[in-house]
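Understanding the architecture of this molecule
Residues per chain are reported as follows:
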Amino acid sequence: MSKRVKEILSWYSSDCPGTLSSLARLLNHGRLGGSGKMVILPVDQGFEHGPARSFAKNPVGYDPRSHFELAIGAGCNAYAAPLGFLEAGAAEFAGDIPLILKLNNSDSLYGGSDPCSAITGSVDDALRLGCAAIGFTIYPGSSQRNEMYEQIRELGEEAKRAGLAVVVWSYPRGSGISKDGETAVDVVAYAAQIAAQLGAHVIKVKPPTDHIEQDAARKVYESEGIPVATLADRVRHVVQSAFAGRRIVIFSGGPAQGHDGLISEIRGIAEGGGFGSIVGRNSFQRPKGEAIDLLHEIMDIHRNA
Amino acid sequence: MSKRVKEILSWYSSDCPGTLSSLARLLNHGRLGGSGKMVILPVDQGFEHGPARSFAKNPVGYDPRSHFELAIGAGCNAYAAPLGFLEAGAAEFAGDIPLILKLNNSDSLYGGSDPCSAITGSVDDALRLGCAAIGFTIYPGSSQRNEMYEQIRELGEEAKRAGLAVVVWSYPRGSGISKDGETAVDVVAYAAQIAAQLGAHVIKVKPPTDHIEQDAARKVYESEGIPVATLADRVRHVVQSAFAGRRIVIFSGGPAQGHDGLISEIRGIAEGGGFGSIVGRNSFQRPKGEAIDLLHEIMDIHRNA
Amino acid sequence: MSKRVKEILSWYSSDCPGTLSSLARLLNHGRLGGSGKMVILPVDQGFEHGPARSFAKNPVGYDPRSHFELAIGAGCNAYAAPLGFLEAGAAEFAGDIPLILKLNNSDSLYGGSDPCSAITGSVDDALRLGCAAIGFTIYPGSSQRNEMYEQIRELGEEAKRAGLAVVVWSYPRGSGISKDGETAVDVVAYAAQIAAQLGAHVIKVKPPTDHIEQDAARKVYESEGIPVATLADRVRHVVQSAFAGRRIVIFSGGPAQGHDGLISEIRGIAEGGGFGSIVGRNSFQRPKGEAIDLLHEIMDIHRNA
Amino acid sequence: MSKRVKEILSWYSSDCPGTLSSLARLLNHGRLGGSGKMVILPVDQGFEHGPARSFAKNPVGYDPRSHFELAIGAGCNAYAAPLGFLEAGAAEFAGDIPLILKLNNSDSLYGGSDPCSAITGSVDDALRLGCAAIGFTIYPGSSQRNEMYEQIRELGEEAKRAGLAVVVWSYPRGSGISKDGETAVDVVAYAAQIAAQLGAHVIKVKPPTDHIEQDAARKVYESEGIPVATLADRVRHVVQSAFAGRRIVIFSGGPAQGHDGLISEIRGIAEGGGFGSIVGRNSFQRPKGEAIDLLHEIMDIHRNA
Amino acid sequence: MSKRVKEILSWYSSDCPGTLSSLARLLNHGRLGGSGKMVILPVDQGFEHGPARSFAKNPVGYDPRSHFELAIGAGCNAYAAPLGFLEAGAAEFAGDIPLILKLNNSDSLYGGSDPCSAITGSVDDALRLGCAAIGFTIYPGSSQRNEMYEQIRELGEEAKRAGLAVVVWSYPRGSGISKDGETAVDVVAYAAQIAAQLGAHVIKVKPPTDHIEQDAARKVYESEGIPVATLADRVRHVVQSAFAGRRIVIFSGGPAQGHDGLISEIRGIAEGGGFGSIVGRNSFQRPKGEAIDLLHEIMDIHRNA
């Protein structure tokens, strides 16, 4: 195993060997295997946004096998999805790529200002499907945040006992913060900290903007001169906020966007010391060959950072 | 076993042989046995709408045995009902037809804009009654949707471990969507996707209209040119939305209607690649002979599609 | 055993012999034994309405033994009461009369528009007290109905496994319906159907009035010409609504009333095919001799119907 | 369903509908489906006698799929085997034939005069593999018989609650009886009675000889003039000993033998009212075509009896 | 994944994707990864034979880390050991090599002719240590065989549900067979069959000699002309005895022996179609460099077979 992966595993020394081994499976697989960087394919948009919004642009994506094939073909570190999508391919692609079972999901047929996902999978499901990790979304800023924190606490404890890793999607959202606040640098950094404090091994956040949401925070950013001008600055701050970089923090690709915008963003993340990217719509909504090329380009940026 | 049934079973390769065998029992029984198509008789209206509204038109329907007899006589693939109705005939008709125990039901004496069914049966009940599957209703769009998603997650996991199949009635309803939205094509497709992601083997939805409920979805339907003009178009889209047709999607007959309207609807469903129909009031509210003729007509349309 | 009792038991063929035997104990005991009719003495009013309202009129009723003695003396089929009342006599009168343990009860010190009873006894209690059945109250129309349905589902499954019968008091009440609606013929018929679908062996409802509560139902009563003019008509409809008469439906005596009014009501119930009566306040609030005479009169009406 | 199968199911009226349905699956499948007769393919000899003794004669039998194919190809009512053999084909052949999981097995590497099989499968295994029944061997006559009786009691109770049928191999053996006694008519009849009393739905015994093992029994056979001269006589007596023929009793084919001897034996079994045969080595040790011809010949004898 | 590994996984289609994935981890790791062949390092001799007998010859072996290092350095498919040895390195070497936790072990301080190992680890231990499989030893031929069969039945069911693979060491031993019988070809083939019927995914046996232990078996070997003259012949027969080669059968290296003898034995195993070797004392009792050379030589023979 590479020195870097060994170093990363050393940050999780309270975890059992099974969980370390699962983290190693994530870190050692695919084109970035051994580099300490990660690019993950997540496909929960069918549940979260509905099938047409997710798959109509590249209709092969309606077929659950296509996402396994894309993740494997591109050499991603892992493929993350809800129960149904994993059940639809886990046997056929057994052993081909580390899997992350998203244990909670939220649809958008019911709105509401304070979101809370439903639990849609179990640790036992993750084991029988051969997953390396569970995934879980929290919405800091929602009035229902505590319910989610308590759910991941319980599921995380169970997962760690079974030798799985814990990946937390930490997405500030809800009546506690403004729309701009969802990606404000202070909020994203805070979200990373919360996920880390909840015991996450891998933390997924959105790329932060230079907006600062909370007055109490702004004072400190100003008085201490925390640099937040460039994306690299902000990513560096977010990574620092996740235990001085001793937790794996990866960044979402966000809504589908043009190639150049995305690549520029990835460069900022890589330059700021982000551990990698988790790229859904920007990959699976493109034709497979194009998607693989893009994922390879992203991987190369991370590897060479 | 027919090649088509073998093909369908191959979509569920993460399931245990017991569940595959239960799916095979559903697919191989009755007049459509082996065709890969299904016509199921569901009778939960006594619970859902009350006895007079359900059975007064054809009073033999008050007698639970009549529905077993209709389903058997017509050669349906299965008969689905709540606990009481199944208990009232499961011994007498043991082995005559695959049974589906509806595990949750909702009455209409208490209204409310955000429905949630009560759990009225268990996996153990399904086993002792000799069922091939459990049935469960979710109401995407209700503020209580998450509670239902979490219930089916737990019941589904238990059912799959015991070798049963899981049939989900996915009926959008509640304060999150409009009345027209309940059968809007985007919403029905989304409902099918949610059921599939929750791990359903068989998904029941309503025939979709050409209404589009969500603005975010409408943009995609327009930009991608998803055809939704005819019922066949819309059914095709809904089936595609359930894992590119790799989950069994069947369509309800809806409220009682005239013969020609119903048959025309069935033709659209069949033409669009629907896997079959689940026809309650339109069958059991007719005299038995007439109901059987109608069910046979429906079966023939599905078989010849 | 009488042919009629055998016929009634045949309706419950999915149940284990223990439950059939418990039903037989109820059907074969007392003055109506073997007739297929039942008169049961229920005394839960102390809990439901308070002691003075229940027992001051005939103070011997404060003493739990008095109700055992009344039920035995009158030759009732069974005596039904909450935990405390049964514990206070079950040993002394062991073997003298079939007992039904009411597993939930509600007091009237706390009001609220949407009632839900508390679980106050267990299946294990019923077994150790030698009961033939458990009793359980549901309030269709209450916002808390689902909680009650789920409780009886679980308790019913446990009771059936232990060879007990299940008696459900189905009393529509709550914010979903009007005061008049509580005894409306459509609502009472619906309440009987719900109890039957929940797996009840014996269903207790109130005598229905000719009020029709739900608009959707009224259309059907009118279009199908369902007769609801006389009490006998309405009882016939309610019994039909409980699986075409294949579930035992008995009717409460309601609030204390004069002899003639009560007897006239019983005649209507008997004429309409009701399986019997469950008479509380109208019996135990009378002096014992008078109460026995009244119960005998009621029994004779049912026997001769 | 045929009248005869309905009649047979009526003998098991204390069982839940699930178990009746599983019995119906056994009785309704294959070439004898509906006749009330059964021919089952059992393959536990690999475990019981070792692979070479079992499969060398027709080496395709080393492959677990071959036995599924033989049972399906011949139209047997069911295929019975230990865990490993069922796991090796249950998914591939899901839904093709009812399965019976042998829950205990004994190898012959350790001898000893008082045999006891090891428990090698569970009711949960039977459910996940989609079986219709569990199978269990008891050795009346062994000093360890009580251990086996207690095991099947517990497993049988669990199986019946889960809606499975219970098949008992009742093979007298051990220090309590002589070698000749193992097939003595009094002992085989006694073994059938023990299995029936232990709650078996289907009982497998060996064809009885005219030897009488127990002195106390011999006196009765002589004084009452029980006919035991022909195999048909003895089979009739054994069937009568299993609750006057109200339990399904089937007979093993015994060690591999020539065609004529076997067929003559089957004729005696059929003439005596045996419910069918369970033919292992005599079928799978023959080439497939020949085995199917033989099984068809056996089925025809049973059907026409 | 290689076509061969896919083919091997297809033999285990009743298993959940997690177990398939664990089997894939074993088959895809190390120098033989993807070839369908396996060389495993097992070190349970410290427990089984005592430390001096096991480690004095090459004292680095007293240190548990040395065995991890040897297995990793040589590119073995997996490392198998009891609880203590795995706990002593699982964290340090997490992710470096698939682990197999030996769940039972037997010391040699207590003799006795009928061995039975103690259960010394759990499925939960295997999960927390990050293992891909559990290992378990059975001693067919021992009077205590049934106890071991029942233990692995239960542990195997639990392991399979948790997505682990099951490796069974099947070592005939005990008063039922002679010393020579322990490696007799008929007995080893039988031992492989028993392990397969008990549900093992991977079976470890000893290289068989041409001795035939059981008279009943000898007749068949002679009459059917089963070739047993060469080791390759015998290995071919043993592999066939494990479900016609549809279970992975690997062979132990046996007691420490000279290089040439061992290599010659490996050639016979490879030629006969063995799936690989499990080499303990012959590797770890040699200096590391020499051991790695030897293991590579063994791997090359298997790969090129």
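Not measured: the values here are computed from a predicted model.

1. Thoughts on unusual backbone geometry
If you check the backbone angles, Phe243(B) has positive phi at about 65° while not being a glycine. Phe243(B) gets classed as buried once you look at its relative accessible area, which sits at 0%.

2. Some points on the sheet that holds strand 2 (residues 78-81) of chain A
All names here are of chain A. Read once around its circumference, the closed barrel built from eight strands follows the order 1-2-3-6-7-8-9-10, with strand pairing classed as parallel. Each adjacent strand pair in this sheet contributes to an overall mean axis angle of 25°, direction not counted. Of the pairings in the sheet, the one linking strand 7 (residues 165-170) to strand 8 (residues 202-205) comprises three bridges and is parallel in character. In the strand pairing of strand 8, Val 168 is matched with Ile 203.

3. Describing the interface of chain A and chain B
Facing 42 residues of chain A, the contacting portion of chain B comprises 41 residues. Taken over both partners, the interface formed by chain A and chain B buries close to 3,300 Å², and the fraction arising from carbon and sulfur atoms is 57%. In terms of surface lost to chain B, no three residues of chain A exceed Tyr62(A), Leu109(A) and Tyr110(A), which account for 23% of the buried area on that side. Remark: the boundary between chain A and chain B carries four salt bridges. The interface formed by chain A and chain B includes 15 residue pairs in polar contact (both at pLDDT 80 or more).

4. Re the relation of the copies chain B and chain C
The transform that puts chain B on chain C rotates by 71° and translates by 1.1 Å along the axis, for an RMSD of 0.1 Å. Such values leave the two copies arranged in the relation of a five-fold axis. Closest approach to the rotation axis among the C-alpha atoms of chain B is made by Glu147(B), whose C-alpha sits 11 Å away.

5. Digging into the packing of aromatic side chains
Applying the stated criterion to the full structure yields 36 aromatic pairs over all chains. Consider the rings of Phe68(B) and Phe93(B), whose centres lie 4.9 Å apart with planes at 10°: the pair is stacked. Taken as a pair, Phe68(B) in helix 5 (residues 64-74) and Phe93(B) in the loop between helix 6 (83-87) and strand 3 (99-102) lie far apart in primary sequence, 25 residues in all. Overall, the relative accessible area of 1% leaves Phe68(B) in the buried class. The interplanar angle of 65° and the centroid separation of 4.9 Å between the aromatic rings of Phe68(D) and Tyr79(D) together place this pair among those described as edge-to-face. Here Tyr79(D) lies in strand 2 (residues 78-81) and Phe68(D) lies in helix 5 (residues 64-74), a separation of eleven residues in the sequence. A single burial state applies to Phe68(D) and to Tyr79(D), both of which are buried. Members of the aromatic cluster, each reached through a chain of ring pairs, are Phe55(A), Tyr62(A), Phe85(A), Phe284(A) and Phe243(B). Directly above the aromatic system of Trp169(A) lies the positively charged group of Lys102(A), at a separation of 4.9 Å from the ring centroid. The ring of Tyr171(E) is capped by Lys206(E), whose NZ or CZ atom sits 4.8 Å from the centre of that ring.

6. Topic: the interface of chain B and chain C
Tallying the contact residues gives 42 residues for chain B and 41 residues for chain C. Summing the contributions of chain B and of chain C, the shared interface buries around 3,400 Å²; its carbon and sulfur component is 57%. Contact with chain C buries area across many residues of chain B, yet Tyr62(B), Leu109(B) and Tyr110(B) alone supply 23% of it, more than any other trio. Counting the contacts that link chain B with chain C gives three salt bridges. Note that Asp124(B) and Arg161(C) form a salt bridge whose closest N and O atoms lie 3.7 Å from each other. On the surface where chain B and chain C come into contact, there are 15 residue pairs in polar contact (both at pLDDT 80 or more). Of all the secondary structure elements, the ones that give two or more residues to the side of chain B that touches chain C are helix 3 (45-49), helix 4 (51-55), helix 5, helix 6, strand 5 (118-119) and helix 7 (123-128) of chain B. Tallying contributions element by element places helix 6 of chain B first for the side of chain B that touches chain C, with five residues.

7. Considerations on the packing of helix 12 (residues 259-271) of chain A against helix 14 (residues 288-304) of chain A
Residue and element names in this part refer to chain A. At a closest axis distance of 9 Å, the pairing of helix 12 and helix 14 adopts a crossing angle of 25°. In terms of orientation, helix 12 lies roughly parallel with respect to helix 14. Judged by the twist between their axes, the crossing of helix 12 over helix 14 is right-handed. Only Leu 294, Glu 297, Ile 298, Ile 301 and His 302 of helix 14 make contact with helix 12, whose side of the interface consists of His 259, Leu 262, Ile 263, Ile 266, Arg 267, Ile 269 and Ala 270. For the contact of helix 12 with helix 14, the class distribution of residues is eight nonpolar, two polar and two charged.

8. Some thoughts on the nonpolar core
In terms of nonpolar packing, the biggest core is built from 553 residues, with Tyr79(A), Tyr79(B), Tyr79(C), Tyr79(D) and Tyr79(E) touching the most fellow members. Leave out the neighbours within four places in its chain, and Tyr79(C) touches Leu41(C), Val43(C), His67(C), Phe68(C), Ala71(C), Phe85(C), Leu86(C), Ile97(C), Pro98(C), Leu99(C) and Ile100(C).

9. Side note on the side chain of Arg286(D)
Note on placement: Arg286(D) falls in the loop between helix 13 (281-284) and helix 14 (288-304). With residues near it in sequence (within four places) discarded, Arg286(D) still touches Asn58(D), Gln257(D), Gly258(D), His259(D), Ala291(D) and Leu294(D).

10. Topic: the packing of helix 9 (residues 185-197) of chain B against helix 11 (residues 231-241) of chain B
Residue and element names in this part refer to chain B. Close contact between helix 9 and helix 11 brings their axes to 8 Å; oriented N to C, the two are set at 30°. Considering the angle they form, helix 9 stands roughly parallel to helix 11. Taken as a pair, helix 9 and helix 11 cross one another with a handedness that is right-handed. Within the contact between the two elements, helix 9 uses Val 185, Val 188, Ala 189, Ala 192 and Gln 193 and helix 11 uses Arg 234, His 237, Val 238 and Ser 241. Partitioning the contact of helix 9 with helix 11 into residue classes produces five nonpolar, three polar and one charged.

11. Quick notes on the pattern of salt bridges
Residues and elements named next belong to chain E. In this structure the tally under the stated criterion is 72 salt bridges over all chains. A salt bridge links Arg 128 to Asp 125, with the shortest nitrogen-to-oxygen separation between them at 3.0 Å. Pair noted here: Arg 128 and Asp 125 are both in helix 7 (residues 123-128), with a separation of three residues, about one helical turn. Residue Arg 128 is classed as partly exposed on the basis of its relative accessible area, which comes to 27%. A relative accessible area of 14% places Asp 125 in the buried class.

The rules behind the values
- Residues numbered from 1 in each chain as written.
- Chains lettered and ligands numbered in written order.
- Predicted model: local features only at pLDDT ≥ 70, side-chain atom pairs only at ≥ 80, totals over all residues.
- Heavy atoms only, no water.
- Buried < 20%, exposed > 50% of the residue type's maximum accessible area, 1.4 Å probe, protein only.
- Pairing = 2+ DSSP bridges.
- Helix = DSSP H or I, 4+ residues; strand = E, 2+ residues; numbered from the N terminus.
- Axes fitted to C-alpha atoms, helices over the stretch in contact; angles between N-to-C directions.
- Contact = heavy atoms within 4.5 Å.
- Buried area = accessible area lost by both parts, 1.4 Å probe.
- Salt bridge = Lys/Arg side-chain N within 4 Å of Asp/Glu carboxyl O.
- Polar contact = N/O pair within 3.5 Å; in protein donor to acceptor, adjacent residues only side chain to side chain.
- Least-squares fit on C-alpha atoms with pLDDT ≥ 70 in both.
- Phe/Tyr/Trp six-rings, centres within 6.5 Å; stacked < 30°, edge-to-face > 60°.
- Lys NZ or Arg CZ within 6 Å of the ring centre and 35° of its normal.
- Parallel < 35°, antiparallel > 145°, perpendicular 65-115°, else oblique.
- Left-handed = near helix turned anticlockwise from the far one by under 90°.
- Nonpolar A, V, L, I, M, F, W, Y, C, P; charged D, E, K, R; others polar.
- Core = buried A, V, L, I, M, F, W, Y, C linked by side-chain atoms within 4.5 Å.

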